[in-house]
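Spelled out from the first residue to the last, the chains are:
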Amino acid sequence: MRPFDEDALLAASGFSLAEREAVYHAIMTRRDVRSQFLPDPLPDHVVERLLTAAHHAPSVGFMQPWNFILVKSPTVRARIQDAFSKANEEAALMFEGERRQVYRSLKLEGIVEAPLGICVTCDPTRSGSVVLGRTHNPRMDSYSTVCAIQNLWLAARAEGIGIGWVSIFREGDLKSILGIPEHVEVVAWLCAGFVDKLYDEPELSVKGWRQRLPLEELVFHDGWGRRER
Ligand SMILES: Cc1cc2c(cc1C)N(C[C@H](O)[C@H](O)[C@H](O)COP(=O)(O)O)c1[nH]c(=O)[nH]c(=O)c1N2
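Residues numbered from 1 in each chain as written. Predicted model: local features only at pLDDT ≥ 70, side-chain atom pairs only at ≥ 80, totals over all residues. Heavy atoms only, no water.

In the nomenclature of an unreviewed UniProt entry, the protein is known as 5,6-dimethylbenzimidazole synthase of Rhizobium leguminosarum. Quoted verbatim from the Sequence similarities (unreviewed entry) heading of the UniProt record, the comment on the protein is "Belongs to the BluB family." Quoted straight from UniProt, the Catalytic activity (unreviewed entry) entry for the protein says "FMNH2 + O2 = dialurate + 5,6-dimethylbenzimidazole + D-erythrose 4-phosphate + H(+)". (UniProt positions renumbered as here; feature names shortened; annotations may be inferred.)

Now the structure itself:
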């Protein structure tokens with residue numbers, strides 16, 4: 001049994017205290033960015049670091065189903081924003097009354113403001129039809145792609161780059177604008193750009209849309225709903 005002594009745990013991790021704190025700092029201060037993007041272009045070598053972080057994510061059967069479509073073209077980004085606007089109007093109508101008003105007041109994308117868009121896709125055919133670990137749940141390839149996105153998001157935080165995930169689209173619109181093959185899934189449109197400030201808390205929480213749930217309500221022991229240890 002490992003001792004629960006903090007110094008021993010740290011020594012066993014192979015991380016210095018500062019390194020460990022840096023990991024948690026990136027996790028706790030990462031934010032979804034919609035409107036604080038600076039216009040400066042992102043240097044290619046920094047984008048390369050973000051993509052390398054993404055590419056080191058875990059993936060089911062090590063299938064690495066992702067692709068990253070880097071979109072700098074303002075014209076293409078304007079078309080993507082049109083696709084968002086159409087879907088966002090449909091989305092607004094799904095909320096009732098005052099909630100619809102609040103929804104309409106939220107800024108939910110920075111597609112044109114951010115100097116780089118990254119469309120992250122998942123190719124379910126990447127390593128044949130039978131994939132180790134995906135045999136009984138085909139969604140595992142999408143989950144793997146989401147792991148890559150989270151790696152990129154955290155690396156971006158450490159680089160002073162904000163990321164905003166936009167998902168309010170009809171997938172077919174993005175596919176036709178970007179020429180994505182039918183069998184490939186669009187997982188995310190990420191807005192990326194330098195930021196000089198970030199919200200301390202999720203913007204949706206600051207703006208009263210929804211608050212963070214207490215962790216203890218979400219943790220069960222030895223079965224669904226069991227809160228006692
Ligand atoms: C799969 C997925 C899809 C979306 C998001 C996230 C994820 C994980 N988020 C961002 C989301 O609103 C945000 O993560 C939460 O509000 C928590 O805030 P922080 O990320 O901690 O700042 C998001 N935000 C937004 O403004 N427009 C969007 O379309 C989406 N879509």
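What follows continues from the structure just given.
Student: Outline the site of the ligand, supporting the account with residue identities and numerical values.
Tutor: Taken together, the residues surrounding the ligand are R30, R31, D32, R34, L108, W165, V166, S167, I168, P202 and L204. L108 is positioned such that a nitrogen or oxygen atom in its backbone is 3.0 Å from a nitrogen atom of the ligand. Between a nitrogen atom of the ligand and a side-chain N or O atom of S167, the distance comes to 2.8 Å. Taken by itself the ligand offers 610 Å² of open surface, and the protein chains cover 72% of this. The cavity where the ligand resides is the largest pocket. When the residues that make up the shell around the ligand are grouped by side-chain class, the tally is 6 nonpolar, 1 polar and 4 charged. (Near = heavy atom within 4 Å. Polar contact = N/O pair within 3.5 Å; in protein donor to acceptor, adjacent residues only side chain to side chain. Areas by Shrake-Rupley, 256 points an atom, 1.4 Å probe, with all protein chains shown as cover. 1 Å grid on protein atoms, 1.4 Å probe; cavity = no way out; pocket = protein on both sides within 12 Å on 5 of 7 lines; lining within 4 Å. Sits in = over half its atoms within 2 Å of the grid points. Nonpolar A, V, L, I, M, F, W, Y, C, P; charged D, E, K, R; others polar.)

Student: Talk me through the environment of L108; I want residue IDs and the actual numbers.
Tutor: Relative to the helices and strands, L108 is located in the loop between helix 5 (97-105) and strand 2 (116-122). Between the C-alpha atom of L108 and that of V46, which follows or precedes it by 62 residues, the distance is 25 Å. Excluding anything up to four places from it in sequence, L108 contacts R34, F84, N88, Y103, V166, I168 and L204. (Helix = DSSP H or I, 4+ residues; strand = E, 2+ residues; numbered from the N terminus. Contact = heavy atoms within 4.5 Å.)

Student: Before we move on, can you summarise the sheet that holds strand 3 (residues 161-166) with the specific residues and values?
Tutor: Pairing is antiparallel in the open sheet, where 4 strands are placed in the order 1-2-4-3. Lying at the two open borders of the sheet, with one neighbouring strand each, are strand 1 (66-71) and strand 3. Shown here is a sheet whose adjacent strand axes are inclined to one another by a mean of 25 degrees, direction ignored. In terms of strand pairing, strand 2 meets strand 4 (residues 185-194) through 7 bridges, oriented antiparallel. (Pairing = 2+ DSSP bridges. Axes fitted to C-alpha atoms, helices over the stretch in contact; angles between N-to-C directions.)

Student: Give a description of the pattern of salt bridges that names residues and reports values.
Tutor: Counted according to the given criterion, the structure contains 15 salt bridges. The shortest N-O distance in the salt bridge between E113 and K107 comes to 2.7 Å. The class for E113 is partly exposed, based on a relative accessible area of 35%. Because the salt bridges share partners, they merge into one network encompassing D32, R34, E203 and K207. (Salt bridge = Lys/Arg side-chain N within 4 Å of Asp/Glu carboxyl O. Buried < 20%, exposed > 50% of the residue type's maximum accessible area, 1.4 Å probe, protein only.)

Student: I'd like to hear about the UniProt feature "domain: Nitroreductase" (unreviewed entry) in the protein, residue by residue, with values.
Tutor: Taking the UniProt record as the reference, the feature "domain: Nitroreductase" (unreviewed entry) is found at residues 27-193. End C-alpha atoms of residues 27-193 are separated by 18 Å, and the span's content is 42% helix alongside 17% strand.

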